[in-house]
Amino acid sequence: QVELVESGGGLVQPGGSLRLSCTASGLIFRPNVMGWHRQVPGKQREQVAIMATNGSTHYSDSVKGRFAISRDYAKNTVSLQMTSLKPEDTAIYYCYFVSSLSRTAIYWGQGTQVTVSL
């Protein structure tokens, strides 16, 4: 069992920055992958950025060069530093965790709203 709690969402102007954080607790086995997905109503949930315990990362093309994912393995946290934000980035952002040894056991946070608007 893994619990994920996000924080850091809010309202930001276009071109601004925001930092999301997620803390995992429970039975956190390695290797694993943590990261961020986002979703707007009526759309499929979209993978934004992920990072594995071996340090490898993957970003969606739409955020590459603007977002940066990082992890603190000792504290079981994952963060997403978002810069040069665009209105198209508006979504609910969800933290997720998946054990690489049991890839169907996916855990999601409750989500945090990010709104990019004047």
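Quantities reported herein were computed from a predicted structural model and do not represent experimental measurements.

Definitions and cut-offs
- Residues numbered from 1 in each chain as written.
- Predicted model: local features only at pLDDT ≥ 70, side-chain atom pairs only at ≥ 80, totals over all residues.
- Heavy atoms only, no water.
- Helix = DSSP H or I, 4+ residues; strand = E, 2+ residues; numbered from the N terminus.
- Buried < 20%, exposed > 50% of the residue type's maximum accessible area, 1.4 Å probe, protein only.
- Salt bridge = Lys/Arg side-chain N within 4 Å of Asp/Glu carboxyl O.
- Contact = heavy atoms within 4.5 Å.
- Polar contact = N/O pair within 3.5 Å; in protein donor to acceptor, adjacent residues only side chain to side chain.

Here we come to unusual backbone geometry. A cis amide bond links Arg30 to the next residue, Pro31, at an omega of -5°. You will see that Asn76, though not glycine, has its phi angle at about 55°, which is positive. Relative to the helices and strands, Asn76 resides in the loop between strand E7 (67–72) and strand E8 (77–82). When its relative accessible area of 28% is taken as the criterion, Asn76 is described as partly exposed. Residues other than glycine seldom take positive phi values, yet Ser84 does so here, at roughly 50°. Looking at where Ser84 falls in the secondary structure, it is placed in the loop between E8 and strand E9 (91–99).

Summed over all chains, the structure comprises four salt bridges. Residue Asp89 pairs with Arg66 through a salt bridge whose shortest N-O separation is 2.8 Å. You can see Asp89 sitting in the loop between E8 and E9 and its partner Arg66 sitting in the loop between strand E6 (57–59) and E7, a full 23 residues away along the chain. The buried category is assigned to Asp89, whose relative accessible area is 2%. The exposure class assigned to Arg66 is buried, which follows from its relative accessible area of 11%.

Okay, the environment of Gln113 next. Take Gln113: it is sitting in strand E11 (residues 112–116). According to the relative accessible area criterion, Gln113 is partly exposed, its value standing at 38%. Taking the C-alpha atoms as reference, Gln113 lies 9.6 Å from Gln39; in sequence the two are 74 residues apart. Non-local contacts of Gln113, meaning those with residues more than four positions away in its chain, are made with Gly9, Gly10, Thr90, Ala91 and Ile92. In this structure the side chain of Gln113 is engaged in a polar contact, spanning 3.4 Å, whose partner is the side chain of Thr115.

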